[in-house]
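Listed below are the residues making up each chain.
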Amino acid sequence: MAKLSVNINKIATLRNARGGNIPDVIQAAQDIQSFGAQGITVHPRPDERHIRYEDVRELKPIVTTEFNIEGNPTSQFMDLVLEVKPHQVTLVPDLPEAITSDSGWDTIKHQKFLRKIIEIFQKQNIRVSIFLDPIVDMVSAAKDTGTNRIELYTENYARKYHKNQNKAIEPYQQAAKKAQELNLGINAGHDLDLENLAYFKQNIGHLLEVSIGHALISDSLYFGLENVIGMYLSRLQ
Ligand code: PXP
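Predicted, not measured: the structure shown is a model, and the values here were computed from it.

J.: Hey, could you go over the site of the ligand for me, with residue numbers and the actual values?
T.: What surrounds the ligand is a group of 15 residues, the closest being Ser101, Glu151, Asp191, Gly213 and His214. The separation between an oxygen atom of the ligand and a polar side-chain atom of Glu70 is 3.2 Å. Starting from 390 Å² of accessible surface for the ligand in isolation, the protein chains cover 94%. Its residues placed into classes, the shell around the ligand shows 3 nonpolar, 9 polar and 3 charged.

J.: So what's going on with the pairing of strand S4 (residues 88-91)? Residues and values would help.
T.: What you see with S4 is no split at all: Gln88 and Thr90 on one side and Val89 and Leu91 on the other are buried throughout. Bridge count between strand S3 (residues 66-71) and S4: 4 bridges; the pairing is parallel. Looking across to S4, one finds that Ile69 is bridged to Val89. The parallel pair S3 and S4, bridged by helix H4 (residues 75-84), forms a crossover whose chirality is right-handed. As paired strands, S4 and strand S5 (residues 127-132) are joined by 4 bridges and run parallel to one another. Bridging across to S5, Leu91 finds its partner in Ile130.

J.: Lay out the sheet that holds strand S8 (residues 207-212) with the relevant residues and their values.
T.: If you trace the 8 strands once around the closed barrel, you get S1-S2-S3-S4-S5-S6-S7-S8, paired in parallel fashion. With direction set aside, neighbouring strand axes in the sheet form an average angle of 25°. Relative to S5, helix H6 (residues 136-143) is tilted by about 160°, and along the sheet it contacts S5 and strand S6 (149-153).

J.: Summarise the pattern of salt bridges; cite the residues concerned and give the values.
T.: Close approach of charged atoms lets side chains of opposite charge pair. Overall, the coordinates contain 13 salt bridges when judged by the stated rule. We note a salt bridge from Arg49 to Asp47, for which the minimum N-O separation is 3.1 Å. The partly exposed category is assigned to Arg49, whose relative accessible area is 25%. Notably, a salt bridge pairs Glu181 with Lys177, separated by 3.7 Å at the nearest N-O pair. Placement of the pair is Glu181 and Lys177 together in helix H8 (residues 165-181), with a separation of 4 residues, close to one helical turn. This pair shows no difference in class: Glu181 is exposed, exactly as Lys177 is.

J.: Break down the packing of helix H1 (residues 9-18) against helix H2 (residues 25-34) for me, with residues and values.
T.: Direction vectors running N to C along H1 and H2 enclose 150°, while the axes themselves pass 10 Å from each other. In terms of axis orientation, H1 runs roughly antiparallel to H2. Of the two possible hands of crossing, H1 and H2 adopt the one that is right-handed. Contacts between H1 and H2 involve Ile11, Ala12 and Arg15 on the former and, on the latter, Val25, Ala28 and Ile32. Tallied by class, the residues present in the contact of H1 with H2 amount to 5 nonpolar, no polar and 1 charged.

J.: Before we move on, could you go through the side chain of Thr107 and cite the residues and values that matter?
T.: Here Thr107 lies in the loop between S4 and helix H5 (111-123). Within the local environment of Thr107, its side chain forms a polar contact with the backbone oxygen of Met138, the two atoms lying 2.7 Å apart. Not counting the four nearest positions on each side in its chain, Thr107 is found in contact with Leu114, Ile130, Leu132, Asp137, Met138, Ala141 and Ala142.

J.: Before we move on, could you go through the packing of aromatic side chains and cite the residues and values that matter?
T.: Enumeration according to the criterion identifies 7 aromatic pairs in this entry. Relative to Tyr172, the ring of Tyr157 lies with its centre 6.0 Å away and its plane at 70°, an arrangement referred to as edge-to-face. Of this pair, Tyr157 sits in helix H7 (residues 155-161) while Tyr172 sits in helix H8, and the two are 15 residues apart along the sequence. Both residues of the pair, Tyr157 and Tyr172, belong to the buried class. Among the aromatic residues, those joined into a cluster by ring pairs are Tyr157, Tyr161, Tyr172, Tyr199 and Phe200.

Each value, and the rule that gives it
- Residues numbered from 1 in each chain as written.
- Predicted model: local features only at pLDDT ≥ 70, side-chain atom pairs only at ≥ 80, totals over all residues.
- Heavy atoms only, no water.
- Near = heavy atom within 4 Å.
- Polar contact = N/O pair within 3.5 Å; in protein donor to acceptor, adjacent residues only side chain to side chain.
- Areas by Shrake-Rupley, 256 points an atom, 1.4 Å probe, with all protein chains shown as cover.
- Nonpolar A, V, L, I, M, F, W, Y, C, P; charged D, E, K, R; others polar.
- Buried < 20%, exposed > 50% of the residue type's maximum accessible area, 1.4 Å probe, protein only.
- Helix = DSSP H or I, 4+ residues; strand = E, 2+ residues; numbered from the N terminus.
- Pairing = 2+ DSSP bridges.
- Right-handed = clockwise from strand over helix to strand, strands pointing away.
- Axes fitted to C-alpha atoms, helices over the stretch in contact; angles between N-to-C directions.
- Contact = heavy atoms within 4.5 Å.
- Salt bridge = Lys/Arg side-chain N within 4 Å of Asp/Glu carboxyl O.
- Parallel < 35°, antiparallel > 145°, perpendicular 65-115°, else oblique.
- Left-handed = near helix turned anticlockwise from the far one by under 90°.
- Phe/Tyr/Trp six-rings, centres within 6.5 Å; stacked < 30°, edge-to-face > 60°.

Here's what the structure looks like:
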């Protein structure tokens, strides 16, 4: 079964809208784990408009499942990750002003840079995943960066899913096949939801983990967090 890692940035965004501590991000992470999620993901950005650096430090002792910190490897981000030492760091080439991650790495152009950064994390026993578009050449070049895993960027899949599921999944199957041949672990994330998740899981062999935030937290407004975690877990079986 692929692990469900819940991205809790949106809970922090709601808290930040008012100041104060409602909803309590730390309590939410504890509850999400007790409801059965197998991981907690955070994506600290330089302006701290979602999760804050201090939240990440506070989360470290309470995350008993898998802790995944994602973000652009600026020196500030790297210092935080090396201090907190999560199980996994996911490197994302997002610009500071981007609303959300909007592209994968060019692993050919940035191969040297990635190799250097990845080695630093791995020396501290932090597993590394890099965010990638479903492009076979990018997967091949990812192998040469030394990364442990790739995270397939699923926005295009989600966008095309309702028109043509076969076409939507095809590039992801090819990228996943290449990753498997190269012995790279496969994660996935972005815009996965209750409708498109099961088909993705069924059609991508060896999927290790999905990280889901926006849709899952939005669904919780209607169904409640505990129910929603169960619903997402059932899609992954
Ligand atoms: N993976 C990465 C690298 C992301 O940046 C995000 C969004 O922060 C996600 C997964 C989760 O995307 P969503 O919030 O659409 O579920």
